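Fold and geometry: a report
Here is what each chain is made of, one letter per residue.
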Amino acid sequence: MKQGPISDDGDAARQRSLDPSHSPGTLTINQLLLESRIGLERVHASDLEREMAAGALVVDTRPADQRDRDGELPGALVIDRNVLEWRLDPSSPHRLPIADDPARRIVVVCNEGYSSSLAAHTLQRLGLTRATDLIGGFQAWAALCRQSD
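Residues numbered from 1 in each chain as written. Predicted model: local features only at pLDDT ≥ 70, side-chain atom pairs only at ≥ 80, totals over all residues. Heavy atoms only, no water.

**So, the pairing of strand E1 (residues 57–60)**
Of the two faces of E1, the one carrying Leu57 and Val59 and the one carrying Val58 and Asp60 are both buried. Pairing of E1 with strand E2 (residues 77–78), which is carried by two bridges, proceeds in the parallel orientation. Opposite valine 59, over in E2, you have leucine 77 as the bridge partner. The parallel pair E1 and E2, bridged by helix H4 (residues 64–70), forms a crossover whose chirality is right-handed. (Buried < 20%, exposed > 50% of the residue type's maximum accessible area, 1.4 Å probe, protein only. Helix = DSSP H or I, 4+ residues; strand = E, 2+ residues; numbered from the N terminus. Pairing = 2+ DSSP bridges. Right-handed = clockwise from strand over helix to strand, strands pointing away.)

Listed below in structure tokens is the structure:
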């Protein structure tokens, strides 16, 4: 007796059509992440202070609940991830005044260094060619701070 779901060829074809890996030109999130990181000169937590001293704009994109729980990143500008591109794009009428130099180094920081890679890649595509992110995100920076205490 056959166990498990019984499906005909139509069900299998429908399943394949819903799976993005079977669609031409699509990527998995891991592939997209790797692709996004190719053009980034990512920053180690131990180098973040030096980047800031050299004039980099550090942008914390973590949600408010993570900032409340884990603390602020001193010297970072907080910009919600959902408006990041509009606040930093030099051609955007909603750009922040501090984002006036497209050649400025921008270091995007998220919680663990994943969404920041995607965001930095998007900023590069908008012409902010020196945009990058923090390896391991806020959590890597916080762990480094705890080690030095």
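**Section: the environment of valine 109**
Residue placement: valine 109 occurs in strand E3 (residues 106–109). With a relative accessible area of 0%, valine 109 lands in the buried category. When neighbours within four sequence positions are excluded, valine 109 is seen to be in contact with Val58, Val59, Asp60, Thr61, Arg62, Leu73, Ser116, Leu134, Gly137 and Phe138. (Contact = heavy atoms within 4.5 Å.)

**Considering the packing of aromatic side chains**
With the rule as written, the count across this model stands at one aromatic pair. Ring geometry for phenylalanine 138 against tryptophan 141: centres 5.4 Å apart, planes inclined by 45 degrees, an arrangement best described as tilted. A residue pair is termed a helical-turn pair when its members lie 3 or 4 positions apart in one helix, as phenylalanine 138 and tryptophan 141 do in helix H7 (residues 137–148) at three residues. Both residues of the pair, phenylalanine 138 and tryptophan 141, count as buried. Just above the ring of phenylalanine 138 sits the side chain of arginine 62; from NZ or CZ to the centre is 3.7 Å. (Phe/Tyr/Trp six-rings, centres within 6.5 Å; stacked < 30°, edge-to-face > 60°. Lys NZ or Arg CZ within 6 Å of the ring centre and 35° of its normal.)

**Concerning the pairing of E3**
Of the two faces of E3, both are covered, the one formed by Ile106 and Val108 as well as the one formed by Val107 and Val109. Where E1 lies against E3, four bridges are found, and the strand directions are parallel. Residue pairing in the sheet places aspartate 60 in a bridge with valine 109 of E3. Alignment of E3 against strand E4 (residues 131–133), held across three bridges, turns out to be parallel. If you follow valine 108 over to E4, its bridge partner there is aspartate 133. Viewed along the sheet, the connection from E3 through helix H6 (residues 115–125) into E4 turns out right-handed.

**Topic: a nonpolar patch on the surface**
On the surface, a cluster of nonpolar side chains totalling about 250 Å² of accessible area is made up of Leu27, Ile29 and Leu32. Residue position: leucine 27 is located in the loop between helix H1 (9–18) and helix H2 (29–37). (Patch = residues over 30% accessible without salt bridge, like charges linked within 9 Å, V, L, I, M, F, W, Y side chains within 5 Å. Areas by Shrake-Rupley, 256 points an atom, 1.4 Å probe, with all protein chains shown as cover. Salt bridge = Lys/Arg side-chain N within 4 Å of Asp/Glu carboxyl O.)

**A closer look at the packing of H2 against H6**
Here H2 crosses H6 at 50 degrees, and the two axes come no closer than 9 Å. By the angle class used here, H2 and H6 are oblique. Pair H2 / H6 crosses with left-handed handedness. Taking contact as the criterion, the partners of Ile29, Leu32, Leu33, Ser36 and Arg37 in H2 are, on H6, Ser117, Leu118 and His121. Residue composition of the contact of H2 with H6, by class: four nonpolar, three polar and one charged. (Axes fitted to C-alpha atoms, helices over the stretch in contact; angles between N-to-C directions. Parallel < 35°, antiparallel > 145°, perpendicular 65-115°, else oblique. Left-handed = near helix turned anticlockwise from the far one by under 90°. Nonpolar A, V, L, I, M, F, W, Y, C, P; charged D, E, K, R; others polar.)

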